[in-house]
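Structure assessment
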Amino acid sequence: MNRAEEVKKRRTFAIISHPDAGKTTITEQLLLYSGAIRQAGTVKGKKSGHFAKSDWMKIEQQRGISVTSSVMQVDYDGYQINIVDTPGHEDFSEDTYRTLMAVDAAVMVVDSGKGIEAQTKRLFEVASHRGIPIFTFMNKLDRDGREPMELISELEEVLGIDAYAMNWPMGMGKTYQGNYDLFNNRLELTHPEANGGNDFLPLNEAGELEGNYEVKNSPWYEEAVENAQLLNEAGNPFDAEAIQAGKLTPVFFGSALTGFGVQTFLDAFVDFAPAPQAVETVEEDLVNPLDEQLTGFIFKIQANMDPRHRDRIAFVRICSGEFHEGMDVTVARTDKKLKLNNTTRFMADTREHASLAVAGDIIGLYDTGNFQIGDSIYSGKHKVSFKPLPQFTPELFMKVSPKNVMKQKSFHKGIKQLVEEGAIQLYKTWHTEEYILGAVGQLQFEVFQYRLLNEYNSEVEMTPLGNKIARWISKDQLDPSMSSSRNLLCKDRFDQPVFLFENQFAENWFQQKYPDVQLESLL
Ligand code: GDP
């Protein structure tokens, strides 16, 4: 194997969108085009029940939301595409945030009837903060939506990124004739049968269609020609470097449901999305994808994907080197040495043994408690630690205890695992060590409670503490008498002290009383 060639073929990305914009549907189309599945409707239990193999998905089905992110690897046109799915619901944005640390590009799916929605904006900001390229798919053109020009300006204004229209819709909904493809200088037609059976028709140098085709009689064609000229003169120029730097988003119109425009999108995506890049370590060294040493980091841990096996899988993003089954690695956090056996690759609807993987790939390691979110692994002697994954400051808190005191053991085991997975954050009150859970969104608690019962057979008592402002304080500045009824003193899972302030007023009051104390938040 030529490793450099292999790495060049990798495209690892996540799809970000507001719920219902069409992420699942477009994922299915990607799988269809890659030949990984044969018919739409097979990706998620939500749609067909086909893929709903495990317990943890039940809660997703019940609520119709996607709680966890999954990984799929497919071939497309000679490329190895790794799609990392992200939960769309904002309550799980921390999980999404970590996932975005493991990809090299993002695809943003926008419902053209709705434009930029709250969760699109939030996820865009995360992806943009990382400086990864963002490709935009304006979806649902088979329905009447907003004016394309309006959608593009909204994108630029609300998200603050320049846009380049790769193509332009001719009509929409019932009148949708297809796309005027500026980038490839051609038309892509929704009704090829009415135009001599051609899906694509080339345009001349002036950007116009020659010959006699029905689409030319459509007012939408005329309008698209005018708009294309306008965009060519006044719009942002196409700039592959700006795309790679995340400063310009190429915009594609289409319909995930009918599959229209998806292939054009994919073809451009594999051309302009980057292959795996160098990754920075805590020492600020760069690990190059072609370095000999195998390195990677764990961005997600998922327990009990298969209830029959009670397994726990750590998802590793490989950053350099070449993975082989059975190789030895060290976990940077603990210096523990492990042999990588029983590793998994995630295909469209199956899992298979991972025998070989390179930078950009994501493999699953069966975990018996060796890994935590954010861990780095490396082969050989040179220690490599990647930068820690960001954590959100939780805003909602719950006291939690086992209903049945005789079942302490499963309660503790369940909490420990779910916390290591990053599903929820755990605190203890400073003196009495009562358990307090911290979350970014309410649904995290519900998933926690459900999973503790279903996976660990532990029923829990939960008492809401409501919204709090969590602020960390260094141990040498701490005096436990600083704690009062308005600022509950706790320790996090690394035993670092943290105050949970009742509200902003309580924090301000505290700061006035102890002006020298430095209070810190997470992200
Ligand atoms: P997700 O929540 O982002 O994964 O969205 P889904 O892919 O589940 O889509 C949400 C709903 O929108 C479903 O009912 C889809 O069938 C529908 N949908 C997705 N893409 C399109 C599209 O291109 N056109 C139309 N008309 N509906 C779509």
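Remember, it's a predicted structure, so these values are computed and weren't measured experimentally.

1. Thoughts on the overall build of the chain
Along the backbone of the chain there are 12 helices and 30 strands. Here the contacts in the chain between residues at least 6 apart in sequence split such that 68% fall between residues at least 24 apart.

2. Things to note about the sheet that holds strand β8 (residues 178-181)
If you trace the 4 strands from one edge of the open sheet to the other, you get β7-β8-β9-β10, paired in antiparallel fashion. If you trace the sheet from one side to the other, it starts and ends with β7 (167-170) and β10 (200-202), each paired once. For this sheet the average axis-to-axis angle between neighbouring strands, irrespective of direction, equals 20°. Where β8 lies against strand β9 (residues 186-189), 4 bridges are found, and the strand directions are antiparallel. Across the sheet, residue N179 finds its bridge partner in β9, namely E188.

3. Here's the deal with the site of the ligand
Neighbouring the ligand are 18 residues; D20, K23, T24, T25 and D142 lie closest to it. The contact in question runs from an oxygen atom of the ligand to an N or O atom on the backbone of D20, over 2.7 Å. At 2.5 Å, a side-chain N or O of T25 approaches an oxygen atom of the ligand. In the complex, the protein chains occlude 82% of the 580 Å² of accessible area that the ligand would expose alone. When residues of the shell around the ligand are assigned to their parent elements, the largest contribution, 3 residues, is made by helix α2 (residues 23-33). Grouping the constituent residues of the shell around the ligand by class yields 4 nonpolar, 7 polar and 7 charged.

4. Examining the packing of helix α4 (residues 93-100) against helix α5 (residues 118-130)
One way to put it is that α4 packs onto α5 with a least axis distance of 10 Å and a crossing angle of 30°. The way α4 lies across α5 gives a crossing that is right-handed. Packed against α4, whose contacting residues are S93, T96, Y97 and L100, the element α5 presents Q119, R122, L123, V126, A127, H129 and R130 at the interface.

5. Regarding the packing of α2 against helix α9 (residues 262-272)
Look at α2 against α9: their axes get within 10 Å of each other, and the N-to-C directions meet at 75°. In terms of axis orientation, α2 runs roughly perpendicular to α9. Seen from α2, the contacting residues are Q29, L30 and Y33; seen from α9, they are V262, Q263 and L266. Looking at the contact of α2 with α9, its residues break down into 4 nonpolar, 2 polar and no charged.

6. Details of a negative patch on the surface
Taken together, the side chains of E147, E208, E210, E222, E223 and E226 define an acidic patch exposed on the protein surface. In this fold, E147 is placed in the loop between β5 (134-139) and α6 (148-159).

7. Structural notes on the sheet that holds strand β11 (residues 248-253)
Ordered in space as β2-β3-β1-β4-β5-β11-β6, the 7 strands form an open sheet in which the pairing is mixed. Of all strands in the sheet, those with a lone pairing partner are β2 (71-76) and β6 (162-165), marking the two edges. Going from strand to strand, the sheet's axes swing by 30° on average, the running direction of each strand aside. In this structure, strand β1 (residues 10-17) lies alongside strand β3 (residues 79-84), joined through 5 bridges in parallel fashion. Residue pairing in the sheet places F13 in a bridge with I83 of β3. Packing of α6 onto the sheet brings it into contact with β4 (105-111), β5, β6 and β11, and relative to β11 it is tilted by some 155°.

8. Some thoughts on the pattern of salt bridges
Applying the stated criterion to the full structure yields 27 salt bridges. Among the salt bridges present, the one from R10 reaches E6, with a minimum N-O distance of 2.8 Å. An identical accessibility class is assigned to R10 and E6; each is buried. Of the charged contacts in the structure, one is a salt bridge between R333 and D375, with a shortest N-O distance of 2.7 Å. Note that R333 is positioned in the loop between β17 (328-331) and β18 (336-339) and D375 in the loop between β22 (362-366) and β23 (376-378), a separation of 42 residues in sequence. A relative accessible area of 42% places R333 in the partly exposed class. Sharing partners across several salt bridges, the network here consists of E6, K9, R10 and D361.

9. Here we look at the pairing of β3
In terms of burial, β3 is a largely internal element, 6 of the 6 residues being buried. The two faces of β3 match: Y79, I81 and I83 on one face and Q80, N82 and V84 on the other face are all buried. Across 6 bridges, β2 lies against β3 in antiparallel orientation. In the strand pairing of β3, Y76 is matched with Y79. Taking the residues between adjacent antiparallel strands as the criterion, β2 and β3 are bridged by 2 residues, where D77 takes a positive phi near 50°.

10. Overview of the environment of M170
Tracing the chain through its elements places M170 in strand β7. Owing to a relative accessible area of 0%, M170 belongs among the buried residues under this scheme.

So, how was this worked out
- Residues numbered from 1 in each chain as written.
- Predicted model: local features only at pLDDT ≥ 70, side-chain atom pairs only at ≥ 80, totals over all residues.
- Heavy atoms only, no water.
- Helix = DSSP H or I, 4+ residues; strand = E, 2+ residues; numbered from the N terminus.
- Contact = heavy atoms within 4.5 Å.
- Pairing = 2+ DSSP bridges.
- Axes fitted to C-alpha atoms, helices over the stretch in contact; angles between N-to-C directions.
- Near = heavy atom within 4 Å.
- Polar contact = N/O pair within 3.5 Å; in protein donor to acceptor, adjacent residues only side chain to side chain.
- Areas by Shrake-Rupley, 256 points an atom, 1.4 Å probe, with all protein chains shown as cover.
- Nonpolar A, V, L, I, M, F, W, Y, C, P; charged D, E, K, R; others polar.
- Left-handed = near helix turned anticlockwise from the far one by under 90°.
- Parallel < 35°, antiparallel > 145°, perpendicular 65-115°, else oblique.
- Patch = residues over 30% accessible without salt bridge, like charges linked within 9 Å, V, L, I, M, F, W, Y side chains within 5 Å.
- Salt bridge = Lys/Arg side-chain N within 4 Å of Asp/Glu carboxyl O.
- Lys, Arg positive; Asp, Glu negative; His and termini not counted.
- Charge placed at Lys NZ, Arg CZ, Asp CG, Glu CD.
- Buried < 20%, exposed > 50% of the residue type's maximum accessible area, 1.4 Å probe, protein only.

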